[in-house]
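# Coordinate analysis (summary)
Now for the letters of each chain:
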Amino acid sequence: MSNTPLWTAIARALRADIAEGRYAPGDKLPTEAQLAERHGVNRHTVRHALSALVEEGLVRTRRGAGAFVAARPTDYPIGKRVRFTENLRRAGRMPGRDVLSTEIRVATPEEAAVLDVAPGARIFVSHGRSLADGQPLAMSESYYPLDRLPGLPEALAEGRGVTHALKAAGVRDYTRASTRVSAVLATATQAVVLQVREGAPLLKTTSLNVDLGGVPVEFGRTWFSGDRITLTLED
C-alpha cells in the first residue's frame, strides 16, 4: 500500500499533464469537483494539491474563475556551449538574474584542484538567482580563479552576463568541459530563494567551463527548480 499522500499524487499527476503539454500556459484546469471525481477524493484534498502547485508557480487561481496553468517547464539544453541568456530567449522566455552575494577569498584545496590554481590562490565567488519571465528558475554559485581573470568582479557587476565579463577579463571564448546532473530536495533556504516548498524536487548541476586552451575559468553548481525546467543533454 502506498504511503504517498493523496494530494501529493494528484499534484504530481497535474505536473505531468502540464509538462507533457496536455494543458498549455493560460489553459484552465478541470474544476475542483471534476478533479475530485476523477481521483475519487474529496474537494479538500484537491484544493491541497492545487495550493502546492500555486506555491511552486505552476498554477494560478482566480476567485470564481478557477485554476489556470501559469507556465510550462523551460527547455534548457546543456552541451559544449551553455549560455543562460541565449537558452532562455531561444525557449521564448525573458531571462533575468539577481546577485545574492559575492566574495573574494582563498580557495579550498578542492576548489584549487578543480580550477587548477595553486593552493592558497584567491578566487571570486558569486551566488545568484536566475529568472525566467520574472519567476525564479535556478540558484547558483560560481567560482572564478581571480588572479587568472583580472577585472572580472567589476565586469560581472555591470550585469551584462558571464560571457561579457569573461571577455572583459581576457577570455575570448569558453566551452563546457563537464557537467554532472543529480536530483536533490530543496532545503529550507533554497525553498525561500526559489519560491518553492521545502522538499520540492531540484535538479543540481556541477559544471566546469574552460577557455579555448582548456584552462578552467569557472567552476559552478546550479540548483534548478525541477518542475520549471527540462534539462536536455547535448553532445
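Heads up: these notes are all about the structure in this document. Remember, it's a predicted structure, so these values are computed and weren't measured experimentally. (Residues numbered from 1 in each chain as written. Predicted model: local features only at pLDDT ≥ 70, side-chain atom pairs only at ≥ 80, totals over all residues. Heavy atoms only, no water.)

### With respect to the overall build of the chain
We apply this condition: Helix and strand definitions here come from DSSP, where helices need a minimum of 4 consecutive H or I residues and strands a minimum of 2 consecutive E residues; each element is numbered from the N-terminal end. Burial classes follow relative accessibility: with a 1.4 Å probe on protein chains only, a residue under 20% of its type's maximum area counts as buried, one over 50% as exposed, and anything between as partly exposed. Any two residues whose heavy atoms approach within 4.5 Å at even a single point are treated as in contact. Shrake-Rupley sampling with a 1.4 Å probe provides the accessible areas, and residues are treated as covered by the protein chains on show and by no other component. Under the convention used here, Asp and Glu are negative, Lys and Arg are positive, and both His and the chain ends fall outside the count. Each charge is placed at NZ for Lys, CZ for Arg, CG for Asp and CD for Glu.
Helices and strands together make up the secondary structure of the chain, namely eight helices and 10 strands. C-alpha extents for the chain along the principal axes are approximately 65 × 35 × 30 Å. Across the 235 residues in the chain, those meeting the buried criterion constitute 44%. Long-range contacts, defined as pairs at least 24 residues apart, comprise 57% of the intrachain contacts of the chain with a sequence gap of at least 6. If you sum the accessible surface of the chain, you get close to 12,300 Å²; carbon and sulfur atoms cover 51% of it. Taking the average place of the 31 positive charges on the side chains of the chain and the average place of its 26 negative ones, the gap between the two points comes to 4 Å.

### So, the sheet that holds strand S6 (residues 135-145)
The line we're drawing: Two strands pair under a simple rule: DSSP has to find at least two bridges between them. The axes are straight lines fitted to the C-alpha atoms, using for helices just the contacting stretch, and the angles between their N-to-C directions are given from 0 to 180°.
Read from one edge of the open sheet, six strands run S4-S5-S6-S9-S8-S7, paired in antiparallel fashion. Because the sheet does not close on itself, it has two edges, and the strands there are strand S4 (95-106) and strand S7 (174-185). Shown here is a sheet whose adjacent strand axes are inclined to one another by a mean of 15°, direction ignored. Bridging between S7 and strand S8 (residues 201-211) involves 11 bridges; their strand directions are antiparallel. The partner of Ser178 across the bridge, within S8, is Leu208.

### So, the layout of surface pockets
Using the following cut-off: Here a cavity denotes a set of grid points, spaced 1 Å apart and computed over the protein atoms alone, in which a 1.4 Å probe fits but from which it cannot get out, and a pocket denotes an open set meeting protein on both sides within 12 Å along at least five of seven lines; residues with an atom within 4 Å of a point are reported as lining. Grid points are joined across faces, edges and corners, and a volume is the space filled by probe spheres set on the points. Only Asp, Glu, Lys and Arg are considered charged in this grouping, and only Ala, Val, Leu, Ile, Met, Phe, Trp, Tyr, Cys and Pro are considered nonpolar; every other residue, Gly among them, is considered polar.
One number sums up the size of the largest pocket: a volume of about 1,000 Å³. With six residues, strand S9 (residues 216-225) is the single largest residue contributor to the lining of the largest pocket. Each residue belonging to the lining of the largest pocket can be placed in one class, and the counts come to 17 nonpolar, 16 polar and 10 charged. By volume, the second largest pocket amounts to about 180 Å³.

### A short note on the packing of aromatic side chains
Two measures describe an aromatic ring pair: the distance that separates the ring centres and the angle between the ring planes. Here is the rule: Think of it this way: a Phe, Tyr or Trp ring, Trp meaning its six-membered ring, pairs with another when their centres are within 6.5 Å, and the plane angle makes it stacked under 30 degrees, edge-to-face over 60, tilted otherwise.
According to the stated counting rule, one finds four aromatic pairs in the structure shown. Seen from their ring centres, Tyr76 and Phe84 are 6.3 Å apart, and the 45° between their planes marks the pair as tilted. In this structure Tyr76 comes out as buried when scored by relative accessible area, which is 5%. Taken together, a centroid distance of 5.3 Å and an interplanar angle of 50° make the contact between Tyr76 and Phe224 tilted. In this pair, Tyr76 is assigned in strand S3 (residues 74-78) and Phe224 in strand S9, connecting sequence segments 148 residues apart. Just as Tyr76 is buried, Phe224 falls in that class too. Each residue in the set Tyr76, Phe84 and Phe224 is aromatic and connected to the rest through ring pairs, giving one cluster.

### Section: the nonpolar core
What counts here: Here, nonpolar core refers to any group of buried Ala, Val, Leu, Ile, Met, Phe, Trp, Tyr and Cys residues whose side-chain atoms link them within 4.5 Å.
Counting 17 residues, the largest nonpolar core has Ile10, Leu14, Leu29, Val46, Leu50, Leu53 and Val59 as the members making the most contacts within it. For this core, the secondary structure elements donating two or more residues are helix H1 (6-19), helix H2 (32-39), helix H3 (43-56) and strand S2 (66-69). Look past the residues within four positions of Val59 in its chain and what remains in contact with it is Ile18, Leu29, Leu53, Val54, Ala67, Phe68 and Ala70. Counting 13 residues, the second-largest nonpolar core is a separate cluster that includes Leu146, Leu149, Leu152 and Val217.

### Digging into the pattern of salt bridges
Rules: Between Lys or Arg on one side and Asp or Glu on the other, a salt bridge is scored when a side-chain nitrogen of the former is within 4 Å of a carboxyl oxygen of the latter.
Tallied over the full model, the rule gives 14 salt bridges. With a shortest N-O distance of 2.9 Å, Asp147 and Arg122 are connected by a salt bridge. Of this pair, Asp147 sits in the loop between S6 and helix H6 (152-157) while Arg122 sits in strand S5 (residues 122-132); the two residues are 25 residues apart in sequence, bridging distant segments of the chain. With relative accessibility at 42%, the residue Arg122 sits in the partly exposed group. Members of the salt-bridge network, linked through shared partners, are Asp17, Glu20 and Arg22.

### Digging into H3
Quick note on the threshold: Helix span, as expected, comes to 1.5 Å for every residue beyond the first. Starting at the helix axis, one direction is taken to each C-beta atom, and the arc is that of these directions. A 3.5 Å cut-off defines polar contacts: any pair of N or O atoms within that distance qualifies, except that in protein one atom must be a possible hydrogen donor and the other a possible acceptor, and neighbouring residues in sequence count only when both atoms are side-chain atoms.
Along its 14 residues, H3 runs 20 Å from first to last C-alpha, staying within 8% of the 20 Å computed at 1.5 Å per residue. Along H3, the residues that are buried comprise Thr45, Val46, Ala49, Leu50, Ala52, Leu53 and Glu56. For H3, the angular spread of the buried residues around the axis is 150°, confining them to a single face. In this structure, the buried residues of H3 make contact with H1, H2, strand S1 (59-62), S2 and S6. N-capping of H3 is provided by Asn42, with a side-chain oxygen placed 3.2 Å from the backbone N of His44. Of the residues trailing H3, Gly57 is marked for its positive phi of about 85°.

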